[in-house]
Each structure stands twice: as C-alpha cells, then as structure tokens.
Amino acid sequence: MVTNNHIRGNPYEQGCPTRRILDRIGDKWTVLIVGALEEDTLRFSELRRRIEGISQKMLTQTLRGLEEDGLVTRTVTAEVPVRVEYRLTDAGQSLRVPLKALEDWSIDHLGQVLDAQTAHQSKDA
C-alpha cells in the first residue's frame, strides 16, 4: 500500500490539495459536527438535534466529506430500523483542539464583532 504521510503541502500554492482540506475544516458545519462528536458516538438524528439549523442534506453532505477525508467513521448496524452511528477517527480527534479554539474565539469576541458590524453599518447608512 502506498501512503502519502510524508508529503508536505503549501496552501499558498494554487492547486495544492491543502486548500481543499482547509475548505473542509474551515466550514461551519464541520466545526460544529466535530464539536458534537467530541466525546460521543452519535446517530444521524442525534447529530441533527444537537446542531440546530443544519438541514438533513447539509448534514449528510458534510458527514460524507468528513468520512471521505478520514475524519469520521460511519458504522451501520443491521437492526430494524438500521442503526447508523458516527464517531471521530484519531485524525478527527486531533482537530478538536484547533477547532475548539475557533469556537471559543467566536464566543469570546462576539460582542466586539457585533459592535464592529453595527459601527460599519452605521457608517454606510
């Protein structure tokens, strides 16, 4: 089996695959899904309830992309109804620290950002 573990990318170069990875991990739904799966294995319906406002289509697309990128595993159990569960892989778990930092930053700076937006809108009015 050929692995690419030692390839080093440069996201500042056009066409570098790291840009697609940054698109994936910088997406708000990815941040929220990884956060929701931090300590739990969750079913699709549990994820959808936990992440208010995400559509079924967007949750499905994001989970498929995370699975494709090796960040989430999907386990199907043959029951009636079929039981499908999602959990973070080791790579997905390693994203928790940087994504939690972004989540915390958004909470800590919410007031400042809202003030700046209000000031900017007032200036344009």
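Residues numbered from 1 in each chain as written. Predicted model: local features only at pLDDT ≥ 70, side-chain atom pairs only at ≥ 80, totals over all residues. Heavy atoms only, no water.

*Asks:* How should the nonpolar core be read in this particular structure?
*Replies:* The tendency in soluble globular proteins is for nonpolar side chains to be buried as a group. Counting 20 residues, the largest nonpolar core has Ile 33, Leu 37, Leu 47, Ile 51, Leu 63, Val 72 and Tyr 86 as its most contacted members. Those elements giving two or more residues to this core turn out to be helix 2 (28–36), helix 4 (56–68) and strand 3 (83–88). Sequence-distant contacts of Leu 47, defined by excluding residues within four places in its chain, comprise Ala 36, Leu 37, Leu 42, Leu 59, Leu 63 and Tyr 86. (Core = buried A, V, L, I, M, F, W, Y, C linked by side-chain atoms within 4.5 Å. Buried < 20%, exposed > 50% of the residue type's maximum accessible area, 1.4 Å probe, protein only. Helix = DSSP H or I, 4+ residues; strand = E, 2+ residues; numbered from the N terminus. Contact = heavy atoms within 4.5 Å.)

*Asks:* What should I look at first to understand the packing of helix 2 against helix 4 in this one?
*Replies:* When two helices pack together, their arrangement is captured by the angle between the axes and the distance separating the axes. Axis separation between helix 2 and helix 4 bottoms out at 10 Å; the angle between their running directions is 75°. Accordingly, the angle class assigned to the pair helix 2 and helix 4 is roughly perpendicular. Listed contacts from helix 4 to Trp 29, Thr 30 and Ile 33 of helix 2 are Met 58, Leu 59, Thr 62, Leu 63 and Leu 66. (Axes fitted to C-alpha atoms, helices over the stretch in contact; angles between N-to-C directions. Parallel < 35°, antiparallel > 145°, perpendicular 65-115°, else oblique.)

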